[in-house]
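Analysis of the macromolecular model
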Amino acid sequence: MTMGAQGTPVTSSELLSVVASRELVARRTVFAGIGLPTLATELAQLTVAPEIEVVYESGVCGAHPSHLPETIADSVLITGAEAVISMPTLFGCVLQGGHIDVGFLGAAQIDRWGNLNTSVIGEWDSPAVRLPGSGGGVEVMANAREVFVVMRRHTPHSFTDPLDFCTAPGPDRALAEGIRPLGAGVTRVITELGVLAREGVGHELRLVAVQPGVTVGQVRAATGWDLQVADAVTTVEPRPPRSCACCARTSTPAASIFAEP
Amino acid sequence: MTMGAQGTPVTSSELLSVVASRELVARRTVFAGIGLPTLATELAQLTVAPEIEVVYESGVCGAHPSHLPETIADSVLITGAEAVISMPTLFGCVLQGGHIDVGFLGAAQIDRWGNLNTSVIGEWDSPAVRLPGSGGGVEVMANAREVFVVMRRHTPHSFTDPLDFCTAPGPDRALAEGIRPLGAGVTRVITELGVLAREGVGHELRLVAVQPGVTVGQVRAATGWDLQVADAVTTVEPRPPRSCACCARTSTPAASIFAEP
Amino acid sequence: MDRTDRPHRTGRTGGTDKVMTMKAAVAAFVHDGDTVCLEGFTHLIPTAAGHEIIRQGRRDLTVVRMTADIVVDQMLAAGCVSRLVSSFVGNSSAGSLGNLRRRIESSDPEPLAFEEYSHYGMVCRYLAGSQRLPFHPLRSYGGSDLPRVNSDLRKVTSPYPGPDGEPEQIYVVPPVNPDVTIIHAQRADRGGNTQMWGLTGVQAEAVYAARKAIVVVEELVDDEVVRSDPNRTLVPAHAVHAVVVCPRGAHPSFAQGYYDRDNAFYRAWSAISQDPDRIQAWLDEWVRGTADHAEYVAKLGEEYWAGLAVGEALSEPVDYGRRL
Amino acid sequence: MDRTDRPHRTGRTGGTDKVMTMKAAVAAFVHDGDTVCLEGFTHLIPTAAGHEIIRQGRRDLTVVRMTADIVVDQMLAAGCVSRLVSSFVGNSSAGSLGNLRRRIESSDPEPLAFEEYSHYGMVCRYLAGSQRLPFHPLRSYGGSDLPRVNSDLRKVTSPYPGPDGEPEQIYVVPPVNPDVTIIHAQRADRGGNTQMWGLTGVQAEAVYAARKAIVVVEELVDDEVVRSDPNRTLVPAHAVHAVVVCPRGAHPSFAQGYYDRDNAFYRAWSAISQDPDRIQAWLDEWVRGTADHAEYVAKLGEEYWAGLAVGEALSEPVDYGRRL
């Protein structure tokens, strides 16, 4: 746990969101799913990327919330929004139609190509852990121009190859089956240890930045495959800039927003 | 031209509409396309079949018009309606979804199986007459439980076999191609000479009623194939019952409603 | 059956009065072994209907729902469900579902057949079902393991050349046609013309896909209210078989403009559902121990509901015009 | 190009000001040889946009429109169109289209390529186009001669067994992706969030199917008006490239709540379009002879418009609620 600008404790969730939000600079439309991605996109819009348009997985476009939303379906996202669209329009026309620049996903497992597992740990028929499943993850991966992944825990169990199950495949797996997805798949993975990046089809994830105080060796040791490392690995800016200012714009205390479920 | 109840002239359109509207007794949902079918369904709802629900090809359900509508898209059908739905919902969910009991169609040509031509007279590539085309006719024929056809002119050119072109095929033609439509196809044809009926798949149209003063022989002579005739041919009730009452419920004179375009 | 058990004709033009009690509607339209769709994407979740299904002790249901959340976990705990078709099984972002996980991970107390789709896969199943299509195509699943464990995810070859001029394959999903779909909405008229606002999800398609449909509403309104804004009617009367008036019936989810989401309950459920005994006690007290949803609402108490109250934010009216 | 020719950033949160003149929008987004979709099913027909295309002398357009009616006949007469994709070619129920018939029946003065679909075939082409699907299935065309003359109507075999257990075939249509779609609507904000009511047809899908979209509106409204009723926004800003303010731009069709359909004009057109000289004279006077739609409106005169005026019929507001 690090400390925020005003001395408040910064949880891992907040740190991940802040780093993720920075990556959104210069992107245009973002698709925000359930959980951490919502926080990251909200933060981005309120801080480093005010021009991005966030489309929520609930169907809200152009939200102007009176309070910082707790979920993608929070009623404050709907009241005063520019548009609320149905699921067929959202997934069919907006996402599959190719209007999304960046999709945000979480996962229990990720492999070196950015394929994601959100279904089961263990065997499908008798899983050790039943995870929430695809949600819109399969669609985000297939249709967003690029995908950012936020992983809460960077361990060899979550960064593993092969996956126990591939729920949302990146373009390499899709192409191997003869199906051509629209986007590049995962291009950023943000964890509590650092940031991995991937160029697109045919490329593996590479370590490009570490969190303050974390070494390249630590990240490689926490990764379940032989992780590639960029020539110049940078260090993530430690202080979450303006995140507290953004929370101050609303009446919701940061602590409640960033609480782990 | 015959005379209506109150001595007003009854045009052929009005007569056709009145006869057609009577056939709607005991039907539940009716799909009303452009032109004459609109008049027939409006009349039916206002006279002999007040319980029928009319779904207009424009997307209006449960209309409560302040004035007798001139078209399926008349603004008086929309204001005060119970629902207005989009084209994808109308054609996809309501019509193709199987919610329509009776569809109403017009045509330039009809054959003995109730197949319809609304595309061209003559050859497709260099037609003598370019007709309006399918509209929703292909869908109405494929998806309504049964189809009523109103034909303005009963002549060997319009009652012809084979058709110059089959736009909207009945189930016999569809089944011959291995495709199974939902409904029975055309079950009633109403003309200025009489009423033809058809039982469903495998059956031809049969003359079941003649307009007052018309003989079976005249109808057969006006039909371009050897028309089957029912054992007991009835005569159509001559007076358009309550049709003027229905017009009186609105502020539109009957004459303007029933004028030929 | 009392009079409210079946729709009866009224003098209402072109309409049938379909208002029934929840008890009567569930008795009439939800049977053991049925495929029951409950839709509502985080908003307007038909919780009260799920509770009545529990009260009436339905068994062996196949539940179809994009986001299987608290109400599904409760129905699982009550032993109503033998098969689940879903694209997200979790307690929103508040945690996981104890009963669901025990059923799938340990067959405790009995196995649960589970068919996993993606969100858009579910949407396309409703689209196919509502439109009477044999399948619906979607640009998902290429390279996924889901088709390996779900044989209903299949491919067709497009009859048009792909962007590179070569034949193109695409995944398709089959239609779903539930025996009954149940949705919750803000308001309807007695005939079933149903108006919703805020998040509208996939409810209209889920209704059209079903053989029968129950609409549960916060408010029954006069025909004139509905007819003042026909574009707001997302589900027309012809697709509805029962209208159930059940205020606050979407709790703990929300009804835009009526009451807010009960986030505390979502968090609490994650704890309750970890413990099979606690959840049975909860069901005994709040579902099996209440006669109907009105009693559940009263038991929570007005002070509780005050905490979920919302202020007013009215839409600006639009003008439909009238002929002069 | 003047400043209004291209969207420019403003301080508006998350939005771009896309307001342009009709002249600038057509100049920017409609080019010779383009595929241009004009949608609006009998209601909100983008006539003024069609007139501006005529004024700017576009050539060799492929026009995509379900109901090819007066505005298409006019564009044909002006020589703008070489190909038409449609499901109904007629002057509503008022008669037939003279130019269109001469072009197709007699190649007079030049041939017109014509692709005939059914209404739902067109809808499905927009659905496929808007969803980036390689095709969309529909239960039409079995036994029809249309597939014989339109090779884009094709069949696929469903990968699921049919009702009789045997393989099932179904027709499909290909996507349509116009270079530009133009629609008319009641109102939008400066960013392009577009609200429509009354008949809404297939406009949203036609916009999403297009590479660029122009929305022509009766009224530009403040953001707060749109945001008071987000469910009314059928076309969100992200799908719109230009907003053109053009009151009465749907004449002779109607704009629900703004003005009624000009039935007399529909009937008059059937006569005008029978005579090639009369239609050119009409175009010279009313289109080529007017600088823009405002001049066309003024030329008709206030008395004329008074005959199309409608009274008020306001929708009852709904409550979106606000957090307390």
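Reference entry: report on the structure contained in this document. Predicted, not measured: the structure shown is a model, and the values here were computed from it.

Next up on the list: the interface of chain C and chain A. Across the contact, 51 residues belong to chain C and 45 residues belong to chain A. Here chain C packs against chain A, burying approximately 4000 Å² in sum over the two surfaces, 59% of which is carbon and sulfur. Across the chain C-chain A interface, the total number found is 5 salt bridges. In this structure, A:Arg173 engages C:Asp145 in a salt bridge whose closest nitrogen and oxygen atoms are separated by 3.0 Å. Seen at the junction of chain C and chain A, the total is 24 residue pairs in polar contact (both at pLDDT 80 or more). Elements with a minimum of two residues in the side of chain C that touches chain A: β8 (88–89), α4 (98–106), β9 (113–116), α5 (119–130), α6 (146–149), β12 (167–173) and α9 (263–272) of chain C. No other element matches α5(C), which puts 5 residues into the side of chain C that touches chain A.

With that out of the way, let us pick up helix α10 (residues 276–286) of chain C. Residues and elements named next belong to chain C. Buried within α10 we find Ile279, Trp282, Leu283 and Trp286. Mapping the buried residues of α10 onto a view down its axis gives an arc of 95 degrees, with all of them on the same face. Against the buried residues of α10 lie α2 (47–55), α3 (70–77), α4, α9 and α11 (293–300). Among the residues of α10, the N-terminal cap falls to Asp275, whose side-chain oxygen and the backbone nitrogen of Asp277 are separated by 2.8 Å.

What follows covers the nonpolar core. One finds C:Met75, C:Ile182, D:Met75 and D:Ile182 to be the most contacted residues of the largest nonpolar core, which totals 345 residues. When residues no more than four places from it in sequence are discounted, the contact partners of D:Met75 are D:Leu38, D:Gly50, D:Ile53, D:Ile54, D:Leu61, D:Val63, D:Cys80 and D:Val81. The next biggest cluster of nonpolar side chains, apart from the first, holds 14 residues, and it includes C:Val156, C:Ile170, D:Ala128 and D:Leu133.

The next thing to look at is the interface of chain D and chain C. With 52 residues of chain D at the interface, the matching set in chain C holds 52 residues. Buried surface at the junction of chain D and chain C, summed over both partners, amounts to about 4900 Å²; 54% is from carbon and sulfur atoms. Per-residue buried area on chain D facing chain C is highest for D:Tyr160, D:Val318 and D:Asp319; these three make up 14% of the total on that side. Where chain D touches chain C, the interface holds 4 salt bridges. In this structure, the salt-bridge partner of C:Arg323 is D:Asp260, at a minimum N-O distance of 3.1 Å. At the boundary of chain D and chain C, one finds 34 residue pairs in polar contact (both at pLDDT 80 or more). Of all the secondary structure elements, the ones that give two or more residues to the side of chain D that touches chain C are β10 (136–138), β11 (154–161), β12 (167–173) and β18 (322–323) of chain D. Classifying every residue of the side of chain D that touches chain C gives 24 nonpolar, 13 polar and 15 charged. Bridge analysis of strand β18 (residues 310–311) of chain C against β18(D) gives 2 bridges, and the strand direction is antiparallel. Paired with C:Gly311 across the bridge in β18(D) is D:Arg322.

Here we take up the pairing of β12(D). Residues and elements named next belong to chain D. Counting buried positions along β12 gives 5 out of 7 residues, so the element sits mostly inside the fold. Here β10 runs beside β12; their pairing, made up of 3 bridges, is antiparallel. The residue bridging Pro137 from the neighbouring strand is Val172, located in β12. Bridge analysis of β11 against β12 gives 5 bridges, and the strand direction is antiparallel. Residue pairing in the sheet places Arg154 in a bridge with Val172 of β12. The hairpin formed by β11 and β12 contains 5 residues between the paired strands, and Gly165 there has a positive phi angle of roughly 85 degrees.

Quick notes on the rules
Residues numbered from 1 in each chain as written. Chains lettered and ligands numbered in written order. Predicted model: local features only at pLDDT ≥ 70, side-chain atom pairs only at ≥ 80, totals over all residues. Heavy atoms only, no water. Contact = heavy atoms within 4.5 Å. Buried area = accessible area lost by both parts, 1.4 Å probe. Salt bridge = Lys/Arg side-chain N within 4 Å of Asp/Glu carboxyl O. Polar contact = N/O pair within 3.5 Å; in protein donor to acceptor, adjacent residues only side chain to side chain. Helix = DSSP H or I, 4+ residues; strand = E, 2+ residues; numbered from the N terminus. Buried < 20%, exposed > 50% of the residue type's maximum accessible area, 1.4 Å probe, protein only. Arc of directions from axis to C-beta. Core = buried A, V, L, I, M, F, W, Y, C linked by side-chain atoms within 4.5 Å. Nonpolar A, V, L, I, M, F, W, Y, C, P; charged D, E, K, R; others polar. Pairing = 2+ DSSP bridges.

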